[in-house]
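Now for the letters of each chain:
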Amino acid sequence: MEKLSKYRAIARQVIDDYARYKPSFGNIDLSPVYDTERDHYLLVSFGWNGERRVHSTIVHLRVFEEKIWLERDETEEGVTQDLLALGVIKEDIVLAFYHLEDRKLTEFAIA
């Protein structure tokens, strides 16, 4: 249970850290979205870039089966590095945006 609480706090911290950035173009806001009942942690961007509407999920983390599942990562540097720096071990990070067969080729958890 302690591990689960730790990973929930780390997921929120990562999302909060990225939410502090201001996109360098357009009139775009970043907003953290948390579903603590189902353990989903998202960073959503929305606004306008000139005449173009912007609305997308930048980061989606999910805490499931005592691991952090990285469902989406549209950051430049990669959220995995942040997770590792905050003490999450590679065996507890699932790169869910890769097909199951491709995950076997990484250093991270398969599922």
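Coordinates for the structure precede this section.
Residues numbered from 1 in each chain as written. Predicted model: local features only at pLDDT ≥ 70, side-chain atom pairs only at ≥ 80, totals over all residues. Heavy atoms only, no water.

Draft legend 1. How the structure looks around the layout of surface pockets. There is about 570 Å³ of room inside the largest pocket. For the lining of the largest pocket, the secondary structure elements donating two or more residues are strand E1 (27-35), strand E2 (40-49) and strand E3 (52-64). Sorting elements by how many residues they give to the lining of the largest pocket places E3 first, with four residues. Per-class residue counts for the lining of the largest pocket are nine nonpolar, four polar and six charged. (1 Å grid on protein atoms, 1.4 Å probe; cavity = no way out; pocket = protein on both sides within 12 Å on 5 of 7 lines; lining within 4 Å. Points joined across faces, edges and corners; volume = space filled by probe spheres on them. Helix = DSSP H or I, 4+ residues; strand = E, 2+ residues; numbered from the N terminus. Nonpolar A, V, L, I, M, F, W, Y, C, P; charged D, E, K, R; others polar.)

Draft legend 2. Local environment of the nonpolar core. In terms of nonpolar packing, the biggest core is built from 23 residues, with Leu43, Val59, Leu61, Ile68, Val79 and Leu83 touching the most fellow members. At eight residues, helix H1 (residues 2-19) tops the list of elements feeding residues into this core. The residues contacting Leu43, other than those within four sequence positions of it, are Ile15, Tyr18, Ala19, Leu30, Ser31, Pro32, Ser56, Thr57, Ile58 and Val59. (Core = buried A, V, L, I, M, F, W, Y, C linked by side-chain atoms within 4.5 Å. Buried < 20%, exposed > 50% of the residue type's maximum accessible area, 1.4 Å probe, protein only. Contact = heavy atoms within 4.5 Å.)

Draft legend 3. Inspection of the pairing of E3 at higher detail. Sheet analysis places E2 next to E3, joined by ten bridges and oriented antiparallel. Each bridged residue has a counterpart across the sheet, and for Gly47 the counterpart in E3 is Val54. In this antiparallel pair of consecutive strands, E2 and E3, the connection spans two residues, and Gly50 shows a positive phi of 65 degrees. Examined bridge by bridge, E3 and strand E4 (residues 67-73) share six bridges and lie antiparallel to one another. Bridge pairing in E4 places Arg62 opposite Trp69. Between E3 and E4, which pair antiparallel and follow one another directly, the connecting turn spans two residues, one of which, Glu65, has a positive phi of 50 degrees. (Pairing = 2+ DSSP bridges.)

Draft legend 4. Structural detail: unusual backbone geometry. Here the phi dihedral of Glu65 falls at roughly 50 degrees; this positive angle occurs in a residue that is not glycine. Tracing the sequence through the fold places Glu65 in the loop between E3 and E4. Phi is positive for Glu66, which is not a glycine, with a value near 60 degrees. Tracing the chain through its elements places Glu66 in the loop between E3 and E4. What makes Glu66 partly exposed here is its relative accessible area of 35%.

Draft legend 5. Summary view of the pattern of salt bridges. The final tally for this structure, using the stated rule, is eight salt bridges. A salt bridge links Asp39 to Arg8; its shortest N-O distance comes to 2.8 Å. Separated by 31 residues along the polypeptide, Asp39 in the loop between E1 and E2 and Arg8 in helix H1 bring together distant segments of the chain. Using a relative accessible area of 7% as the deciding quantity, one classes Asp39 as buried. Judged by its relative accessible area of 27%, Arg8 falls in the partly exposed class. As a salt-bridge pair, Lys90 and Glu107 come within 2.2 Å of each other at their nearest N and O atoms. Here Lys90 is found in the loop between helix H2 (79-85) and strand E5 (93-94), whereas its partner Glu107 is found in the segment after helix H3 (100-103), with 17 residues between them in sequence. Here Lys90 falls in the partly exposed class, since its relative accessible area comes to 30%. Of the residues examined, Glu107 reaches a relative accessible area of 56% and is grouped as exposed. (Salt bridge = Lys/Arg side-chain N within 4 Å of Asp/Glu carboxyl O.)

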